[in-house]
Amino acid sequence: QVQLVESGGGLVQAGGSLRLSCEASGRTFSSYVMGWFRQAPGKAREFVAGISRSGGSTYYTDSVKGRFTISRDNAKNTVYLQMNSLKPEDTAVYYCAGDQGVVIRTTESWKWDYWGQGTQVTVSS
C-alpha cells in the first residue's frame with residue numbers, strides 16, 4: 001500500500017504558475033505508475049497527466065499539453081505537477097493517484113487504487 005499527500009495548491013492569477021507535489025509513504029514508490037487528476041465543481045474527475053515508474057515516459061490530456069509537466073523523484077518518493085500559463089478553466093481540486101497495474105494512458109479514475117486527499121487550485125481571471 002501507499003499513502004499520498006498533496007501540497008502546493010493555492011490562488012494564482014491567469015497566466016501564472018504553480019507546482020504541486022505529492023509525497024508517498026512506503027518503500028515501493030518506484031513500482032507505482034503515478035498520475036494527476038482534477039475535479040471542478042459539478043464535474044467528473046478528469047485525468048490530467050501520467051508518468052511511468054522510472055519517469056521516462058509521460059502522457060497528458062490535450063488541454064494541458066505544453067503548459068503542464070509531470071515529473072517524479074523516486075529517491076524522494078515524490079511526484080510533481082508543474083503548471084504554467086494557468087487559465088481560469090484549470091480551477092479544480094487536484095488529486096494525485098498511484099497504481100501498480102495501470103499504464104500512463106489510463107484515464108479512467110476508477111482504475112487507480114490509491115489517492116491523495118486533494119489540493120485546491122484556483123485561477124482568477
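Quick look at the structure, then. Remember, predicted model here, so these are calculated numbers, not experimental data.

Here the focus is the sheet that holds strand β8 (residues 78-83). Pairing in this open sheet of 4 strands is antiparallel, and the strands run β1-β3-β8-β7 from one edge to the other. Looking at which strands have only one partner, the edges of the open sheet turn out to be β1 (4-7) and β7 (68-73). Between one strand axis and the next, the sheet turns by 15° as a mean value, whatever way the strands run.

Another point: the nonpolar core. Judged by nonpolar contacts, the single largest core of 27 residues is most densely connected at W36, L81, M83 and Y94. Mapped onto this core, the elements with two or more residues apiece are β3 (18-24), β4 (33-39), β5 (46-51), β7, β8, β9 (92-99) and β11 (119-124). Of the residues forming this core, the biggest block, 4 residues, is contributed by β3.

Moving on, we get to the state of the cysteines. Per the stated rule, a full pass over the model turns up 1 disulfide. Disulfide pairing is shown between C22 and C96; the S-S distance is 1.9 Å. With C22 in strand β3 and C96 in strand β9, this pair connects stretches of sequence that are 74 residues apart. Just as C22 is buried, C96 falls in that class too.

Aromatic ring pairs are defined here through the distance separating the ring centres and the angle between the ring planes. The full count for this structure, using the stated rule, is 6 aromatic pairs. An angle of 80° between the planes, with centres 6.4 Å apart, marks the rings of Y95 and W115 as edge-to-face. Of the two residues, Y95 is situated in strand β9 and W115 in strand β10 (residues 114-115); the sequence distance between them amounts to 20 residues. A relative accessible area of 14% means that Y95 is categorised as buried. Take W115: its relative accessible area is 25%, and that puts it in the partly exposed class. Taken together, the ring pairs in this structure connect F37, F47, Y59, Y95, W112 and W115 into an aromatic cluster. One Lys or Arg, R72, reaches over the ring of F29 and ends 4.5 Å from the middle of that ring.

We now examine the side chain of T106. Note that T106 resides in the loop between β9 and β10. Residue class for T106 comes out buried when judged on its relative accessible area of 8%. Not counting the four nearest positions on each side in its chain, T106 is found in contact with F37, F47, K111 and W112.

Turning our attention to the pattern of salt bridges. Scanning all chains against the criterion turns up 5 salt bridges. For E46, the salt bridge goes to R38, with nearest N and O atoms at 2.8 Å. Classification of E46 by relative accessible area gives partly exposed; the value is 31%. According to the relative accessible area criterion, R38 is buried, its value standing at 6%.

Further remarks concern unusual backbone geometry. One non-glycine residue, N77, lies in positive phi territory at about 55°. Assessed through its relative accessible area of 17%, N77 is described here as buried. The phi torsion at S85 lies on the positive side, around 50°, for a residue other than glycine.

Thresholds, definitions, all that
Residues numbered from 1 in each chain as written. Predicted model: local features only at pLDDT ≥ 70, side-chain atom pairs only at ≥ 80, totals over all residues. Heavy atoms only, no water. Pairing = 2+ DSSP bridges. Helix = DSSP H or I, 4+ residues; strand = E, 2+ residues; numbered from the N terminus. Axes fitted to C-alpha atoms, helices over the stretch in contact; angles between N-to-C directions. Core = buried A, V, L, I, M, F, W, Y, C linked by side-chain atoms within 4.5 Å. Buried < 20%, exposed > 50% of the residue type's maximum accessible area, 1.4 Å probe, protein only. Disulfide = S-S within 2.5 Å. Phe/Tyr/Trp six-rings, centres within 6.5 Å; stacked < 30°, edge-to-face > 60°. Lys NZ or Arg CZ within 6 Å of the ring centre and 35° of its normal. Contact = heavy atoms within 4.5 Å. Salt bridge = Lys/Arg side-chain N within 4 Å of Asp/Glu carboxyl O.

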